[in-house]
Amino acid sequence: MKNLYSAIVLFMTSALALAQVDTVDNGKVVYIDSAQNLKLEIPFKGGQVNGTTKGFDLESGSLIIEGKSKDNQKVGVWNYYQYNALGDKLIAQFFTYKSDTLNGPFKKRDDSLLITGSFIRDTLDGQYKEELVSLDDTLNFILTPVDSGQFKMGIKYGLWTFLKNGNLSKVGNYENNQYHLHWKIYDTINPIPQKLMRDIQYFEGVKTGNEIVYFSYKNGKKIEEQETIPWQMGKLSGNYSKKNANDVALESGMYSEDIKIGKWTYHNPLENTTETVTYLNNQFNGPYQMDKAGVAVIKGTYALDKKNKTWSYYSEKGVLTRDEMYENGEKTGEWNFYSSNKVLTHSMVYDANKVVELYRFDKNGDEILKLEFDYSPDNYLKITAEEQFMDSSISVDLIYRPKGDTIDTKNFLTTYLKSGEDTTVFKRHGGYSVTKSGSVEYQGVYSTNIKHGDWSYYYNSRIVWKKVFNNGIMTGEVFVDKSTGAKIEKGEYVLWYGPERPRVEFKIQNGVRDGKSIWYKKNGEELKMEKYKDGMLN
C-alpha cells in the first residue's frame with residue numbers, strides 16, 4: 001500500500017491549494033502534482049472553489065482525497081483514503097470543517113500514530129484517542145491503543161488512560177492540563193496479570209496526600225517493598241514508612257517540608273539489625289542505637305551529623321566490647337576495649353583524631369605495655385614504648401613509618417605485638433632502657449638501630465660499666481663507682497648467676513680492662529674468653 005498522506009499538507013487550507021493552481025470562473029480545473037504523485041480535480045463556480053474536490057493517484061487512478069468547499073472555504077468532512085490488498089477503499093484520515101475551520105470529529109495519521117478526536121473552532125475539544133497503526137498480511141490496519149481522554153477548549157481534563165505496548169500503563173484525571181486527584185501507575189515490565197505499582201494523589205499538578213508504592217524495579221529487578229510517601233502541596237510532610245513483602249517494617253519516620261525530623265527507624269532483615277536515629281533538619285542529631293536480634297550492639301549520640309560524646313559497642317550477647325569518645329566528629333579522649341569476660345584489654349588515647357597513647361593490660365587489668373606517639377611532619381612516627389614483665393621492664397624509642405598520615409588503629413597493636421622486635425619495621429632510634437626489680441640494668445641511645453654515644457650497664461652492685469659507641473663501634477669504656485660516681489682505677493668486676501657461680505669476671509687496671517675477660521655458662525663451663533692489654537683487645 002502506498003503512503004498517500006503527504007498531500008494532506010498541501011490541502012489543509014483552500015488558500016494554499018489555490019496558490020498552486022490556475023483559477024477559472026466556472027468549471028473544473030485539473031492540477032497535476034508529480035512530486036506528490038497526485039492529480040486534483042477542483043470545481044469552480046463564480047471564480048471560487050465550490051463543490052467536491054477530488055484527488056487521484058497518478059499511477060493507479062484511485063481516489064485518495066475527497067472533500068467539499070464553499071466559496072473557497074472547506075466545509076463538511078474531508079476524507080483521505082488508502083487501499084488494502086483486495087482494493088477495498090479505507091478511510092485513513094478525515095477532518096471536519098466549518099467555514100474552513102476545523103470543527104467536529106477527525107482522524108489523523110502521524111507516521112505510525114493514529115489520532116482520533118474532535119475540534120471546536122480549531123481547538124481540541126471532547127474525546128481524544130491515540131493508537132499505534134500496523135498492517136496485517138492483507139494490508140488492513142491493526143490498531144493498538146496508546147492513550148485516551150478528553151480535551152476541553154484545548155486543555156486536558158477528566159479521566160485519561162495511557163497504555164504501553166497495548167498494556168495499561170497509567171490512569172488518572174487532569175484538571176487544567178495538570179495531574180489531578182488519583183493517578184494509578186501499572187506494571188508494564190511484567191504486565192500479565194495487570195498489577196498496580198503506584199498510587200499518587202495530586203492537586204492541580206502538585207503531589208498532595210499519601211503516595212503508595214506497592215513495588216518497583218531497579219536495574220530490571222523487581223523490588224518487593226511497599227512505601228507510603230507523605231506529600232503536602234509538593235513537599236514531603238508527614239509519616240513515611242516502608243515494608244517488605246512479608247509485611248516487616250524496613251523504614252519509618254517523619255518529614256516536615258522535605259526534611260527528616262525526629263526519630264527514624266531502619267531495619268535490615270538480612271542482618272537482623274535495627275537502627276534508631278534522631279534527625280534535626282535532615283541531619284543526625286541526638287541518640288543513636290543499633291540493635292541486632294533485639295540486643296543493643298551500638299549506642300551513641302550525634303550532634304549535627306557528627307559523632308559526639310561516648311559511643312559504646314556491645315557483643316550480640318549484650319557484653320560491652322569497647323567505648324569510644326568523640327567531640328564534634330573528632331576522635332578524642334580515652335577509648336577502652338574489653339574482653340568477653342568484661343576485662344579491660346587495651347586502650348587508646350586520641351587527640352584531634354590521632355592516637356597519641358596506647359595501653360595494653362593483662363588479665364588482672366594491670367598495665368603491661370604503654371606506647372606514646374609523636375607524629376613527625378616527615379611522615380614517620382616516633383614511638384616511646386614501655387613494656388612491663390614479671391620483674392623487669394624495657395623502655396625504648398622507636399621510629400615507624402605508617403602507610404598514611406596516621407596509624408591503622410584497628411590493627412596496630414597486633415602489628416606491634418607481632419613485629420615489635422623486628423628492627424626493620426620498628427627501628428630503634430633514641431633512648432633504650434632495661435629495668436629489673438625497680439632498678440635500671442642498662443641504658444643508652446640508638447641511632448637508627450645502631451648504638452651511639454654513652455651506654456651504661458648497672459649489673460654490678462657497686463660498679464657502673466660505661467661504654468662509648470660511635471656508629472655501633474665501641475670506642476671507649478670507663479668504670480664508675482655506683483655510690484660516689486668516682487672513676488675506678490683498679491679492681492675486679494664480677495657478675496654472678498648465684499653463690500659461687502660467676503657469669504663474667506675480669507680485672508680493671510688504670511681504669512680499663514686488663515688481662516682475661518671470661519664469660520661462663522650457668523653450669524660453670526667457660527663460654528668465651530677475651531684478653532685485654534691497657535683496655536685494648538689483643
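Chains are numbered independently. Their residues run from 1 in the order of the written sequence. Predicted model: local features are reported for residues with pLDDT of at least 70 only, side-chain atom pairs are reported and counted for 80 or more only, and whole-chain, interface and lining totals are derived from all residues. As a convention, hydrogens and water are excluded, and side-chain values are obtained from all of the structure's heavy atoms.

A few points about the overall build of the protein
Every helix listed is a DSSP run of H or I at least four residues long, and every strand listed is a run of E at least two residues long, numbered separately from the N terminus. Of the regular secondary structure elements, the protein holds two helices and 50 strands. Over its C-alpha atoms the protein spans a radius of gyration of 48 Å, topping by over 25% the 24 Å that the globule rule assigns to 538 residues. Taken along its principal axes, the extent of the C-alpha atoms in the protein is 155 × 50 × 40 Å. Taking all 538 residues of the protein together, the buried fraction comes to 37%. Only heavy atoms matter for contacts: two residues are in contact if any of them lie within 4.5 Å across the pair. Taking contacts inside the protein between residues at least 6 apart in sequence as the whole, the part at least 24 apart equals 18%. When we talk radius of gyration, it's over C-alpha atoms, and the globule rule is simply 2.2 Å times the number of residues to the 0.38. Each residue gets one of three labels from its accessible area relative to the maximum for its type: buried under 20%, exposed over 50%, partly exposed in between, using a 1.4 Å probe on protein chains only.

Structural notes on the layout of surface pockets
The rule is simple: put a 1 Å grid over the protein atoms alone, call a set of points where a 1.4 Å probe fits but cannot get out a cavity, call an open set with protein on both sides within 12 Å along at least five of seven lines a pocket, and count a residue as lining if it has an atom within 4 Å of a point. Grid points are joined across faces, edges and corners, and a volume is the space filled by probe spheres set on the points. By volume, the largest pocket is sized at about 550 Å³. Around the largest pocket sit 25 residues that line it, and Tyr457, Tyr459, Tyr493, Leu495 and Arg503 are the ones nearest its centre. No other element matches strand S45 (residues 490–498), which puts four residues into the lining of the largest pocket. Gly is put with the polar residues, along with every residue not named as nonpolar or charged; the nonpolar set is Ala, Val, Leu, Ile, Met, Phe, Trp, Tyr, Cys and Pro, and the charged set is Asp, Glu, Lys and Arg. The class makeup of the residues in the lining of the largest pocket is 13 nonpolar, three polar and nine charged. In this structure, the second largest pocket spans a volume of roughly 240 Å³. Contributing to the lining of the second largest pocket are Arg322, Trp335, Phe337, His346, Met348, Tyr350, Leu358, Thr409, Lys410, Leu413 and Thr414. The set of elements that each furnish at least two residues to the lining of the second largest pocket consists of strand S33 (333–338), strand S34 (344–351) and helix H2 (412–419). The biggest single contributor to the lining of the second largest pocket is S34, with three residues.

Re the packing of aromatic side chains
Pairing of aromatic rings covers Phe, Tyr and Trp, the last through its six-membered ring, and needs centres within 6.5 Å; plane angles under 30 degrees mean stacked, over 60 mean edge-to-face, and all others mean tilted. Taken as a whole and judged by the stated rule, the model has 46 aromatic pairs. Seen from their ring centres, tyrosine 128 and tryptophan 160 are 5.7 Å apart, and the 35° between their planes marks the pair as tilted. Note that tyrosine 128 is positioned in strand S11 (residues 126–135) and tryptophan 160 in strand S13 (residues 155–164), a separation of 32 residues in sequence. A relative accessible area of 1% means that tryptophan 160 is categorised as buried. Ring geometry for tyrosine 326 versus tryptophan 335: centroids 5.3 Å apart, planes at 55°, classification tilted. Classification of tryptophan 335 as buried rests on a relative accessible area of 4%. These aromatic residues form a ring-pair network of at least three members: Tyr432, Tyr442, Tyr446, Trp455, Tyr457, Tyr459, Trp465, Phe479, Tyr493 and Phe506. Sitting over a ring, as applied to charges here, requires NZ of Lys or CZ of Arg to be within 6 Å of the ring centre and within 35 degrees of the ring normal. A cation over an aromatic ring shows up here: lysine 39 above the ring of phenylalanine 56, its NZ or CZ 5.4 Å from the ring centre. The ring centre of tryptophan 465 lies 4.2 Å from the NZ or CZ of lysine 467, which sits over that ring.

Looking at the pattern of salt bridges
Throughout this description, the term salt bridge denotes a Lys or Arg side-chain nitrogen within 4 Å of a carboxyl oxygen of Asp or Glu. This model, assessed by the stated rule, comprises 16 salt bridges. Between arginine 428 and glutamate 421 there is a salt bridge; the shortest N-O distance is 3.3 Å. With relative accessibility at 18%, the residue arginine 428 sits in the buried group. We note a salt bridge from glutamate 477 to arginine 513, for which the minimum N-O separation is 3.1 Å.

A word on the environment of tryptophan 160
Spatially, the C-alpha atom of tryptophan 160 lies 7.0 Å from that of glutamine 150, the residues being 10 residues apart in sequence. Residues contacting tryptophan 160, with those up to four places away along its chain left out, are Tyr128, Asp147, Ser148, Gly149, Gln150, Phe151, Lys170, Val171, Gly172, Tyr174 and Trp183. Pairs of N or O atoms within 3.5 Å make up the polar contacts considered here, provided that, within protein, one atom can donate a hydrogen while the other can accept it, and that residues adjacent in sequence are counted only when both atoms are side-chain atoms. There is a polar contact of 3.0 Å between the side chain of tryptophan 160 and the backbone oxygen of glutamine 150. For tryptophan 160, the side chain forms a polar contact with the main-chain oxygen of tyrosine 157, separated by 3.3 Å.

Details of unusual backbone geometry
The phi torsion of most residues other than glycine is negative, and most of the peptide bonds are trans. The residue after isoleucine 192, namely proline 193, is reached through a cis peptide bond having omega -5°. Note on placement: proline 193 falls in the loop between strand S15 (178–186) and strand S16 (196–203). Although it is not a glycine, aspartate 100 adopts a positive phi angle of roughly 65°. Backbone geometry places methionine 233, a non-glycine residue, at a positive phi of 50°. As for its placement among the helices and strands, methionine 233 is situated in the loop between strand S21 (225–232) and strand S22 (235–236).

What about the pairing of strand S23 (residues 238–244)?
Sheet topology places S21 next to S23; four bridges connect them, and they run antiparallel. Bridge pairing in S23 links glutamate 227 to lysine 242. Hairpin connection, S23 to strand S24 (residues 249–256): the antiparallel pair is bridged by four residues, and aspartate 247 has positive phi, about 65°. At least two DSSP bridges between two strands are needed for those strands to be called paired.

Details of the pairing of strand S37 (residues 381–388)
Sheet analysis places strand S36 (residues 367–375) next to S37, joined by seven bridges and oriented antiparallel. Note on S37: the bridge partner recorded for tyrosine 375 is leucine 381. In this antiparallel pair of consecutive strands, S36 and S37, the connection spans five residues, and asparagine 379 shows a positive phi of 65°. Taking the residues between adjacent antiparallel strands as the criterion, S37 and strand S38 (residues 392–400) are bridged by three residues.

Concerning the nonpolar core
To form a nonpolar core, buried Ala, Val, Leu, Ile, Met, Phe, Trp, Tyr and Cys residues must be joined to one another through side-chain atoms within 4.5 Å. Core analysis: the biggest nonpolar cluster contains 56 residues, and Leu371, Phe373, Ile383, Phe412 and Tyr493 have the highest contact counts within it. The greatest single-element share of this core, amounting to four residues, is contributed by S36. Filtering out sequence-adjacent residues up to four positions away, phenylalanine 412 remains in contact with Leu358, Leu371, Phe373, Ile383, Tyr400, Ile407 and Phe426. Membership of the second largest hydrophobic core comes to 32 residues, among which are Trp78, Phe106, Phe119 and Tyr128.

Topic: H2
Along H2, the positions that sit buried rather than exposed are Phe412, Leu413, Tyr416 and Ser419. In a view along the axis of H2, the buried residues occupy a sector of 155°, so they form one face of it. The exposed set on the far side of H2, more than 90 degrees from its buried face, consists of Thr414 and Lys418. Where the residues of H2 are buried, they touch S34, strand S35 (354–361), S36, S37 and S38. The directions from the helix axis to the C-beta atoms form the arc being described.

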